[in-house]
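So the chains spell out like this:
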Amino acid sequence: MTVKTRFAPSPTGFLHIGGVRTALFSWLYARHHGGQFVLRIEDTDRERSTQAAVDVILEGLAWLRLEHDEGPYYQTQRFDRYAELADRLLREGKAYRCYCTREELEVRRAAQIARGENPRYDGRCRDRTDVPAGVPSVVRFRTPDQGITVVPDLVRGSVEFQNAELDDLIMVRSDGTPTFHFGVVVDDGDMGITHVIRGDDHLNNTPRQMHMIQALGYPVPAYGHLPMILGSDGAKLSKRHGAVNVLEYRDEGFLPDAVLNYLVRLGWSHGDQELFSREEMIALFDISAVNASASRFDGEKLKWLNQQYLKSSPAESLTAGFVEQLQRAGLEPASGPAPVAVIEAYRERATTLRDLAKSAAYLYAEPPTIDEAAVRKHLTPAINAPLARLFARLGELKTWTRGDLHGALEAVAAECGIGFGKLGQPVRVAVTGGTVSPPIDVTLELLGRDKVLERLSRAVSLTGSGAVA
RNA sequence: GCUCCCUUCGUCUAGGGGUUAGGACGCGGCCCUCUCAAGGCUGAAACACGAGUUCAAUUCUCGUAGGGAGCGCCA
């Protein structure tokens, strides 16, 4: 049997980190077993579903390269099929029409809670034979009310439910549209889904869905309910902590593989291994190794992972994202050194592409942003002479490589009787405007002769304008 | 309230009847060093609680507590 999994988001909001993790595990399971991965848009709630949300979900999955083999299917395009099967269940007596109004249901629910019962539909219309005129009806599924249902779960073993605790789910609303529960089972059956991997918020729905699947005559799929991802404060993921659109991670300069690597380690592990390439994830992923407890989202570890990927990815693969970040920062990529060279110099000093662009801004901006405190501390009259000497020496340089530059700096420091660092830091402030940059020779090489000499001469006049005789 | 699920360092996790309870992020220290990083070494840091089973429980069982989910004509 070929494995077939699916990711079935509802387009009522953006794709957040929890949804991505569900998609990732479904995708990994399919890929690991050489199976198929289906994308299905569950848009039966026409009130809340939007095309914009669909677009954002598609864009997010595409960015992460969680590519599907089938779909996207849209439930709103399958309404005829749901109606057909609902009719069949009605004819077979496996479903029935319910004429209870929302108001009546609400009153009974409140009473049940008051009595300490699990609030659920009381089956009032189960055996009703009359058809009240002019009263709208929904279609309910007749769930067995005796015995127990065992959900065999790939993540947490067998979970038992007393059928008496289960009520009769609405399959078709009074306006004729199918509900999520009905759409899910029909689609999973029609699409031949073999493994349903989803969040454990669906665990309680599973026994009732299993009954419907059996009534419909489909084979029951295997289930794997994944633990939730909580916010960093342990509360449910919300817009306040972590449940942001996954595309925001892209916009902040995170790499898709780093995001995936972070998420795959939430609830799953393979010994002590922390870094997994896509290929390794696929080869090693094993749903029986997924643990059952919820985990918290930790942005610090994501940053660390992103830096690991920044350090190890081919620089060429990072240029597009880096250039985009420069542009977002209002900088002109063509006004500075080649992106690849900047990435090589900065990749181990940045956690995101955004940080990288920010740190390298002085290479593209003219004049660079100046850290006044650094200038006061390092560009003092005492450094005037060494800077002037360096300016002269660099002006004579025939070639402009980090080796040449290092030699020039060492020579000037020696001539002035000061340590390399005593010269390096003022030079750094002079050419970058701040106190932090890659090794000074690399920094000078990157900035280029013209800008270095120009900024150095400015520093020479600045330091010479003071108390120097 | 009812049903279901979960519980190892702050966080992500490994482990599993007898271990100095391992790794990673973060945090502290040292080394390296022209700054910042990166890197190396190193330190602090955990089996929720109570019974039971057992020669022996962090590991198995049951409770308790805490957390989560579900209980919609939402998905």
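Here, the structure is the one placed above.
Below: a short report on this structure. Source: prediction; values computed, not measured.

**With respect to the protein's contact with RNA strand B**
Turning to step 1, where the next piece is worked out: Residues in close proximity to RNA strand B total 62 residues, the closest being Pro119, Arg156, Arg173, Gly267 and Glu348.
Turning to step 2, where the next piece is worked out: Considering RNA strand B, the proportion of its atoms within 4 Å of the protein that are sugar or phosphate atoms stands at 68%.
Turning to step 3, where the next piece is worked out: Arg428 places a side-chain nitrogen or oxygen 3.1 Å from a base oxygen of RNA strand B.
Turning to step 4, where the next piece is worked out: Looking at the surface near RNA strand B, the elements with two or more residues in it are helix H4 (102-114), strand E7 (157-162), helix H5 (180-190), strand E12 (295-296), helix H10 (299-312), helix H17 (420-432) and helix H18 (440-447).
Turning to step 5, where the next piece is worked out: Partitioned by chemical class, the residues of the surface near RNA strand B number 17 nonpolar, 20 polar and 25 charged.

**Concerning the layout of surface pockets**
Turning to step 1, where the next piece is worked out: Taken as a whole, the second largest pocket holds about 580 Å³ of empty space.
Turning to step 2, where the next piece is worked out: Residue lining of the second largest pocket: 23 residues in total, with Arg102, Val138, Ile170, Arg173 and Ser174 positioned closest to the centre.
Turning to step 3, where the next piece is worked out: Going through the elements one at a time, H4 and strand E5 (138-141) are the ones with two or more residues in the lining of the second largest pocket.
Turning to step 4, where the next piece is worked out: Across the lining of the second largest pocket, the residue classes break down as nine nonpolar, seven polar and seven charged.

**A closer look at the pattern of salt bridges**
Turning to step 1, where the next piece is worked out: Counted under the stated rule, the structure contains 40 salt bridges.
Turning to step 2, where the next piece is worked out: Note that Arg126 and Asp145 form a salt bridge whose closest N and O atoms lie 3.3 Å from each other. In this pair, Arg126 sits in the loop between H4 and E5 while Asp145 sits in the loop between E5 and strand E6 (148-153), placing the two residues 19 residues apart along the sequence.
Turning to step 3, where the next piece is worked out: Across the salt bridge formed by Glu344 and Arg347, the nearest N and O atoms sit 2.9 Å from each other.
Turning to step 4, where the next piece is worked out: Overall, Arg347 belongs to the buried group, its relative accessible area being 10%.
Turning to step 5, where the next piece is worked out: Counted as one network, the salt bridges with shared partners bring together Arg6, Arg40, Glu42, Arg78, Arg81, Glu84, Asp187, Asp188 and Asp190.

Calculation criteria
- Residues numbered from 1 in each chain as written.
- Chains lettered and ligands numbered in written order.
- Predicted model: local features only at pLDDT ≥ 70, side-chain atom pairs only at ≥ 80, totals over all residues.
- Heavy atoms only, no water.
- Near = heavy atom within 4 Å.
- Polar contact = N/O pair within 3.5 Å; in protein donor to acceptor, adjacent residues only side chain to side chain.
- Helix = DSSP H or I, 4+ residues; strand = E, 2+ residues; numbered from the N terminus.
- Nonpolar A, V, L, I, M, F, W, Y, C, P; charged D, E, K, R; others polar.
- 1 Å grid on protein atoms, 1.4 Å probe; cavity = no way out; pocket = protein on both sides within 12 Å on 5 of 7 lines; lining within 4 Å.
- Points joined across faces, edges and corners; volume = space filled by probe spheres on them.
- Salt bridge = Lys/Arg side-chain N within 4 Å of Asp/Glu carboxyl O.
- Buried < 20%, exposed > 50% of the residue type's maximum accessible area, 1.4 Å probe, protein only.

On their own, these measurements won't tell you what the molecule is for.
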